[in-house]
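Overview (structure and organization)
Below are the chains, spelled out letter by letter.
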Amino acid sequence: MSSMEELLAGWNEKFRPHADGAQLPPHHPHCLACGPDNPHGHHLTVHRRGEEVHATHVFDERHVGAPGIAHGGAVATVFDDLFGFLLYLTGGPAVTRKLEVLYDSPVILGTTYDLAARVTRTEGRKLFMEADMKQLGGSRVASASALFLSVDVTHFNQGMPR
Ligand SMILES: CCCCCCCCCCCC(=O)SCCNC(=O)CCNC(=O)[C@H](O)C(C)(C)COP(=O)(O)OP(=O)(O)OC[C@H]1O[C@@H](n2cnc3c(N)ncnc32)[C@H](O)[C@@H]1OP(=O)(O)O
């Protein structure tokens with residue numbers, strides 16, 4: 001089976017309907033944000049909650065920017081990937097065209113944060129999304145908005161070894 005055939009076979013399984021409350025599958029085992037087999041990754045676990053996706057996350061020393069504080073790029077990575085989990089609810093592949101992050105307060109290493117994301121609007125191939133990151137039961141530390149564009153699964157052929 002070629003890599004592309006394997007990708008397509010796995011893809012169909014991932015896009016089956018997921019029950020409310022269910023843990024959603026990682027994009028692939030080595031995904032930087034959610035892949036369980038990526039030693040540098042965030043190992044994000046994400047659940048469906050109604051029409052939103054939710055995660056709790058603790059940034060660690062691998063994600064450090066200023067001492068004790070998460071790197072802004074690491075925070076953006078987690079938001080981008082969380083948006084990627086909404087595709088299991090919208091039912092088809094899409095990729096990030098635009099991502100904007102607002103950093104309200106430093107994201108502190110070793111602290112648990114709650115994240116939630118939702119689709120706010122669709123327009124043809126365009127998916128507009130919003131997300132926020134909060135201290136547990138507390139105030140918002142960052143928010144993000146994104147535009148994803150739906151693509152055919154053959155889009156991912158561009159990353160296959162030649
Ligand atoms: C298991 C497997 C793992 C699968 C793993 C999935 C993991 C998800 C992980 C998280 C997500 C990622 O990191 S994804 C990786 C990062 N992103 C990427 O690599 C994407 C790179 N960019 C691209 O490949 C391309 O630019 C696309 C596909 C995004 C768009 O190219 P295109 O298909 O040619 O589309 P294009 O004609 O430019 O635009 C389509 C429509 O959108 C509009 N449009 C374009 N940009 C904008 C904009 N900023 N604001 C408003 N509208 C816009 C256009 O005017 C047009 O409107 P109209 O004329 O139609 O009205």
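An unreviewed UniProt entry lists the protein under the name Acyl-coenzyme A thioesterase THEM4, with Nocardioides alpinus as the source organism.

What follows concerns the packing of aromatic side chains. Evaluation of the coordinates by the stated rule reveals three aromatic pairs. Look at Phe83 and Phe148: their rings are 6.3 Å apart centre to centre, the planes differ by 65°, and that puts the pair in the edge-to-face class. Placement of Phe83 in helix 2 (residues 72–85) and of Phe148 in strand 6 (residues 140–150) is noted, with a sequence separation of 65 residues between them. Summarising the burial analysis for this pair, Phe83 and Phe148 share the class buried. Note that Arg121 overlies the ring of Phe128, its terminal NZ or CZ placed 4.0 Å from the centroid.

The biggest cluster of nonpolar side chains holds 39 residues, and the ones touching the most others in it are Phe59, Phe79, Phe83 and Met133. Among the secondary structure elements, those contributing two or more residues to this core are strand 2 (52–58), helix 2, helix 3 (87–90), strand 3 (94–103), strand 4 (112–123), strand 5 (126–135) and strand 6. Top element by residues in this core is helix 2. It accounts for eight residues. Once residues lying within four places of it in the same chain are set aside, the contact partners of Met133 are Phe59, Val75, Phe79, Val107, Tyr113, Asp114, Leu115, Arg140, Val141 and Ala142.

Conventions and cut-offs
- Residues numbered from 1 in each chain as written.
- Predicted model: local features only at pLDDT ≥ 70, side-chain atom pairs only at ≥ 80, totals over all residues.
- Heavy atoms only, no water.
- Phe/Tyr/Trp six-rings, centres within 6.5 Å; stacked < 30°, edge-to-face > 60°.
- Helix = DSSP H or I, 4+ residues; strand = E, 2+ residues; numbered from the N terminus.
- Buried < 20%, exposed > 50% of the residue type's maximum accessible area, 1.4 Å probe, protein only.
- Lys NZ or Arg CZ within 6 Å of the ring centre and 35° of its normal.
- Core = buried A, V, L, I, M, F, W, Y, C linked by side-chain atoms within 4.5 Å.
- Contact = heavy atoms within 4.5 Å.

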